[in-house]
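Each chain, written out:
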Amino acid sequence: MTTPLSPSLRHALQGNLLVRGAAAVMTGRAGAAARAGAVDIRIRDGRIAELAAGLVPGADETVIDATGCVVYPGWVNTHHHLFQNLLKAVPAGMNADLQDWLASVPYPRLARFTPDLFRTAVRLGIAELLLSGTTTCADHHYLYHHGHGAETGDALFEEAEALGMRLVLCRGGAIQSAGDHPGMRATALVPETLDEMLGDIERLKARYHDAAPDGLRRVAVAPTTPTFSLPPVLLREVAGFARGMGLRLHTHLSETDNYVRFCAEKYRCTPVQFVADHDWLGPDVWFAHLVTVTPDEIRLLGSTGTGMAHCPVSNARLGSGIAPVRAMADAGVPVSIGVDGVASNESGSMVHEANFAWLVHRALGGAAQTRVEEVIHWGTAGGAQVLGLPGVGTLAPGQSADLAIYEVGGLRFAGFHDIATAPVAAGEPTPVRDVFVRGRHVVRQGEVVGLDVDKLRREARAALEVLMA
Ligand SMILES: [Zn+2]
């Protein structure tokens, strides 16, 4: 039995709404279906009932006036590390590449994340994501060590429910440190055992996992990095364990050239071939980054339907490179967008991420590389596909009412000929006015509903003192 939703949340999901008067609605779908035009959106019991122009409000409906706004599907962020929300712009890591950044920013501080401090980071991270219009977050959470960490999974689900975010807990962690990064060895934390890892995943699945097409709580199996976190012989066992429970698989892969070299030297193959040899490919698997991949690897990912989380800002910030997303999308790889932890980004915003994704591939390969509609598709429906949540990511009848309403009445947008493109083409700041997750009002007039901002600011300040020391 999964834990039932709280009475207040059940109540919040019952509202009947009519979002009226938007200048434009983007659907998240591909091609010609990407634009719905200036339509109204009727919401019944948390799901979209109707999209059409000129809808008349019913007696039992609350009208949300979206005049001067554009509406997008809520963004689906497919790779994040919420605990990093208290580790932005750590000086020691500002000019470091991935290896040095890991050793100087997150790893030395892992042991300082008490449950309270962790909750502060998670609350900050969820609030920041909601305020960019993000409604689903896949959190790759790896603060697990021998005898510690199980309570943090519960904390993630509790904090997400309190603020209304749909959460996919990608249950990370490692069962060996010997093969891990030197920076991790320096923490003196003891890795958990395989039994601890798998036992906790079983517990999380039983308690939280909702397999519905728009489930608000999901669990995925996500050892932190395949070649480091587990002995290779166990990778296949973990994949079989996940599939036996109907859970998806996620991990980091090919984030840097160093990683590709490591695989070539140690295993005499490319990283994608390595995971293929251990049953880690398929439509139930998605990898974060894939910055350095060969044409053969792209073909293998595409032919197996293996998904990817594109994290362009983090990859640029760490100097890792630019993932060949155009080639991957053309090869049939399901592409999605992730913020990655904000310790290597400084911005937990899917609008910022989408804006950068739209631009960076053009800088590299010309203006035909990306279109606004396609970037929205990657960041919404694409994310829903890799997470196995077909009931979210698009605005259409029957879909979960996850939507972001952007205020585009300001002077910054007065010259726009095609206002529907504004959040992606203009990027930040495109103010989010309202956000709904399965019909629940989670951002109202630019403020996160139910969040004590002053208290959170005080807690964050106190937490920084612990983490800076
Ligand atoms: Zn990551």
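Look up a bit, the structure's there.
A few points on the structure. Bear in mind that the values here come from a model prediction, so they are computed numbers and not experimental data. (Residues numbered from 1 in each chain as written. Predicted model: local features only at pLDDT ≥ 70, side-chain atom pairs only at ≥ 80, totals over all residues. Heavy atoms only, no water.)

## A word on the coordination of the zinc ion
Looking at the zinc ion, one finds its protein donor set to be H79 (NE2), H81 (NE2), H252 (NE2) and D340 (OD), positioned 2.1 to 2.6 Å from the metal centre. Around the zinc ion, the 4 donor atoms are arranged such that angles at the metal cover 86 to 172 degrees; this shape is classified as irregular. Coordination of the zinc ion draws on donor residues from a single chain, spaced H-x1-H-x170-H-x87-D in sequence. Of this pair, H79 sits in strand 8 (residues 75-80) while H252 sits in strand 12 (residues 248-253), and the two are 173 residues apart along the sequence. Assigned by exposure class, H79 and H252 land together as buried. (Donors = N, O, S within 2.8 Å, 3.2 Å for Na, K, Ca; no water. Tetrahedral: all angles 85-135°; square planar, octahedral: opposite > 155°, others 65-115°. Helix = DSSP H or I, 4+ residues; strand = E, 2+ residues; numbered from the N terminus. Buried < 20%, exposed > 50% of the residue type's maximum accessible area, 1.4 Å probe, protein only.)

## Quick notes on the pairing of strand 16 (residues 403-407)
For a regular strand, side chains alternate in direction, first toward one face of the sheet and then toward the other. Burial runs high along strand 16: 4 of the 5 residues are buried. As judged from the 5 bridges shared by strand 7 (residues 69-73) and strand 16, these two strands associate in the antiparallel manner. Among the inter-strand pairings, V70 is bridged to a residue of strand 16, identified as Y406. (Pairing = 2+ DSSP bridges.)

## Observations regarding the packing of aromatic side chains
Within this structure, the stated rule accounts for 10 aromatic pairs. On the numbers, 4.9 Å between centres and 65 degrees between planes, the contact of F228 with F262 is edge-to-face. With F228 in helix 7 (residues 226-229) and F262 in helix 9 (residues 257-267), this residue pair connects regions lying 34 residues apart in the sequence. Classification of F262 by relative accessible area gives partly exposed; the value is 26%. Between the aromatic rings of Y267 and F274, the centroid separation amounts to 4.5 Å while the plane-to-plane angle is 35 degrees, which identifies the pairing as tilted. On the basis of relative accessible area, F274 is assigned to the buried category, the value being 3%. Members of the aromatic cluster, joined through ring pairs, are F228, Y259, F262, Y267 and F274. The side chain of R171 reaches across the aromatic face of Y144, ending 3.4 Å from its centre. (Phe/Tyr/Trp six-rings, centres within 6.5 Å; stacked < 30°, edge-to-face > 60°. Lys NZ or Arg CZ within 6 Å of the ring centre and 35° of its normal.)

## What about the sheet that holds strand 17 (residues 432-437)?
Judged by pairing direction, the sheet is mixed, and its 7 strands sit side by side in the order 3-2-7-16-17-18-19 without closing on themselves. One side of each edge strand has no neighbouring strand; the edge strands of this open sheet are strand 3 (35-37) and strand 19 (447-448). Alignment of strand 17 against strand 18 (residues 440-444), held across 3 bridges, turns out to be antiparallel. Bridge pairing links F436 to H441 in strand 18.

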